[in-house]
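Understanding the architecture of this molecule
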Amino acid sequence: MKLSKDIFGKRWVSYTVALCIAVVLYLFLSNIEIFWNGLLKVFDFIYPVFVGLCIAYVLSPVVDLFEKYVFKKIKSQSRRRGVSVFVGIVFIIVLISALGALLIPQMVSSVVSLVTNIDSYVAGFQTMFGTFIEKANSSTNIDISSITDISNNLLSTVLSYVNANRDAIINTTVGFGKDVALGFISFVVAIYFLADKEHLLHGFSKLVRVATTEKKYEAAADFWGRCNKILSRFIAFDILDALIVGVVNFIFMAIANMPFTALISVVVAVTNLAPTFGPIVGCVLGCFVLVLVNPWQALAFLIFTLLLQTVDGYIIKPKLFGGTFGVSSVWILVSIVVFGRMFGVVGIVLAIPLAAIIDYIYRDYIWVELAKRKKERGEKVPE
């Protein structure tokens, strides 16, 4: 032991260790693509387990709800948990099956009809738009034929793309869900995670307690509890908000007798899951489909969507989320850009809770620690 201390006290040893670290870091950065590909390969093996863990996390509040309120009279904890998992899974499957039975046939029919009749839709729109341009020219004596050329070129580009990929679009729509085997495995893994949740959490907590002090364990438990509350609350209420917006949109389009009601409503609901830019994308896609069939209906859809998103942004979302996400709009936008580039669509969807978690870490940990150090130096802490 003394020999080791004497050796590590030498200056040349420190230089040697630093040089070795530099060489390893250089080799890592030089071959980072190989390292990254290796990580992706490993991730491919554990992907079903990871997806199962995500499914279990999303379904856990439903199972906990059954366990806490519906089957609370069952004395055996393991039996109560098992029954809650079974009933919760059956409830989710029935709900998804009912929605699928109602929406999927209409969506498939709408997509096939849209792709099949795209030529006639575009031709009708061009004829109507050309008539409008002629009337505008005759009444104002202003040549706006360039607008006609731009619109025709745009529609021709879209039409040529759709025609070139018509079979692929139909096959993709009809063949949705071909990865059933992988999804089934992940779902089975999720069921096991849900059934064994308490045992897994207890084992993990025991490991953390052994590896650290009780004070650090309590701090870590409080931190992860807060993060879990923020994330689970957002996921639950974001899905509920998307369902509300989608159902209201479906009712409006059904009353107005608009085409592709189910397809557009599902698109609006799904895109509403993504903050800020999602509703804009849903509105643009809906208007694009409707303008080919009936431009006046597209205008009505646009006006209604603006009103619906205003009500959703100022009334529905604040009522659902409350004060949980007190993050400024600037940081939300920055989070959408950064996490979107890092994790794609998932990063965009989870940008708000991630921004809220970062804000919570800053306010309750970083700021507190910096203020504490400033007080120890006898300096005044700003309010």
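Above this text sits the structure in question.
I will try to describe carefully the structure that is included in this document. None of the values given here were measured: they were computed from a predicted structure.

Focus: the overall build of the protein chain
A tally of regular secondary structure across the protein chain gives 16 helices and zero strands. Going through the 383 residues of the protein chain one by one, you find that 27% of them count as buried. The long-range share in the protein chain, meaning contacts at least 24 apart out of those at least 6 apart in sequence, stands at 67%. Approximately 25800 Å² of the protein chain is accessible, and the part contributed by carbon and sulfur atoms is 71%.

Quick word on unusual backbone geometry
The phi dihedral of Asn 257 falls on the positive side, at around 60°, and the residue is not glycine. Tracing the backbone shows Asn 257 in the loop between helix H10 (214-255) and helix H11 (261-271). Using a relative accessible area of 63% as the deciding quantity, one classes Asn 257 as exposed. Backbone geometry places Phe 260, a non-glycine residue, at a positive phi of 55°. Inspection of the secondary structure assignment puts Phe 260 in the loop between H10 and H11.

A closer look at the packing of aromatic side chains
Using the criterion set out here, one finds seven aromatic pairs in the structure. On the basis of an interplanar angle of 85° and a centroid distance of 5.7 Å, the ring pair of Phe 223 and Tyr 365 is categorised as edge-to-face. Residue Phe 223 is found in helix H10, and its partner Tyr 365 is found in helix H16 (residues 351-376); the two are separated by 142 residues along the sequence. Taken together, the ring pairs connect Phe 223, Trp 224, Tyr 360 and Tyr 365 into an aromatic cluster.

Considering the pattern of salt bridges
Evaluation of the coordinates by the stated rule reveals nine salt bridges. In this structure, the salt-bridge partner of Arg 209 is Glu 214, at a minimum N-O distance of 2.5 Å. By relative accessible area, Arg 209 is classed as partly exposed at 39%. With a shortest N-O distance of 2.7 Å, Asp 359 and Arg 363 are connected by a salt bridge. On the criterion of helical spacing, the pair formed by Asp 359 and Arg 363 is a turn pair, its members being four residues apart in helix H16. Using a relative accessible area of 22% as the deciding quantity, one classes Asp 359 as partly exposed. Residue classification places Arg 363 among the partly exposed positions, given a relative accessible area of 41%. Among the ionic contacts, a cluster of salt bridges with common partners joins Asp 64, Glu 67, Arg 80, Arg 81 and Lys 197.

Digging into helix H12 (residues 278-293)
For H12, built from 16 residues, the straight-helix expectation of 22 Å at 1.5 Å per residue is met to within 8% by its first-to-last C-alpha distance of 24 Å. Restricting attention to buried positions, one finds in H12 the residues Gly 278, Pro 279, Gly 282, Cys 283, Gly 286, Cys 287, Val 289, Leu 290 and Leu 292.

Overview of the packing of H11 against H12
A packed helix pair is summarised by two numbers, namely the angle formed by the two axes and the spacing between the axes. At a closest axis distance of 7 Å, the pairing of H11 and H12 adopts a crossing angle of 165°. The orientation of H11 with respect to H12, classified from their angle, is roughly antiparallel. Judged by the twist between their axes, the crossing of H11 over H12 is right-handed. On the side of H11, the interface is formed by Ile 264, Val 267, Val 268 and Thr 271, while H12 contributes Gly 278, Pro 279, Val 281, Gly 282, Leu 285, Gly 286, Val 289 and Leu 290. Across the contact of H11 with H12, the residue classes break down as eight nonpolar, four polar and no charged.

Some details on the side chain of Thr 261
For Thr 261, the location among the structural elements is in helix H11. In terms of polar contacts, Thr 261 uses its side chain to reach the backbone carbonyl oxygen of Met 258, at 2.8 Å. Those residues in contact with Thr 261 that sit more than four places away from it in its chain are Phe 250, Met 253 and Ala 254.

Concerning the nonpolar core
Ranked by size, the top nonpolar core spans 15 residues in total, and within it Met 253, Met 258, Phe 260, Ile 264, Val 268, Leu 290 and Phe 301 carry the most contacts. When contributions to this core are tallied by element, the ones reaching two or more residues are H10, H11, H12 and helix H13 (295-321). The residues touching Val 268, leaving out its near neighbours within four places in the chain, are Val 245, Asn 249, Gly 282 and Phe 301. By size, the runner-up hydrophobic cluster in this structure holds 13 residues, among which are Cys 227, Ile 332, Ala 351 and Ala 356.

Here's the deal with the environment of Pro 275
For Pro 275, the position within the fold is in the loop between H11 and H12. When the C-alpha positions of Pro 275 and Ala 351 are compared, they lie 7.7 Å apart, and in sequence the two are 76 residues distant. Setting aside residues up to four positions removed in sequence, Pro 275 forms contacts with Ile 336, Ile 348, Val 349 and Ile 352.

The rules behind these values
- Residues numbered from 1 in each chain as written.
- Predicted model: local features only at pLDDT ≥ 70, side-chain atom pairs only at ≥ 80, totals over all residues.
- Heavy atoms only, no water.
- Helix = DSSP H or I, 4+ residues; strand = E, 2+ residues; numbered from the N terminus.
- Buried < 20%, exposed > 50% of the residue type's maximum accessible area, 1.4 Å probe, protein only.
- Contact = heavy atoms within 4.5 Å.
- Areas by Shrake-Rupley, 256 points an atom, 1.4 Å probe, with all protein chains shown as cover.
- Phe/Tyr/Trp six-rings, centres within 6.5 Å; stacked < 30°, edge-to-face > 60°.
- Salt bridge = Lys/Arg side-chain N within 4 Å of Asp/Glu carboxyl O.
- Expected span 1.5 Å × (residues − 1).
- Axes fitted to C-alpha atoms, helices over the stretch in contact; angles between N-to-C directions.
- Parallel < 35°, antiparallel > 145°, perpendicular 65-115°, else oblique.
- Left-handed = near helix turned anticlockwise from the far one by under 90°.
- Nonpolar A, V, L, I, M, F, W, Y, C, P; charged D, E, K, R; others polar.
- Polar contact = N/O pair within 3.5 Å; in protein donor to acceptor, adjacent residues only side chain to side chain.
- Core = buried A, V, L, I, M, F, W, Y, C linked by side-chain atoms within 4.5 Å.

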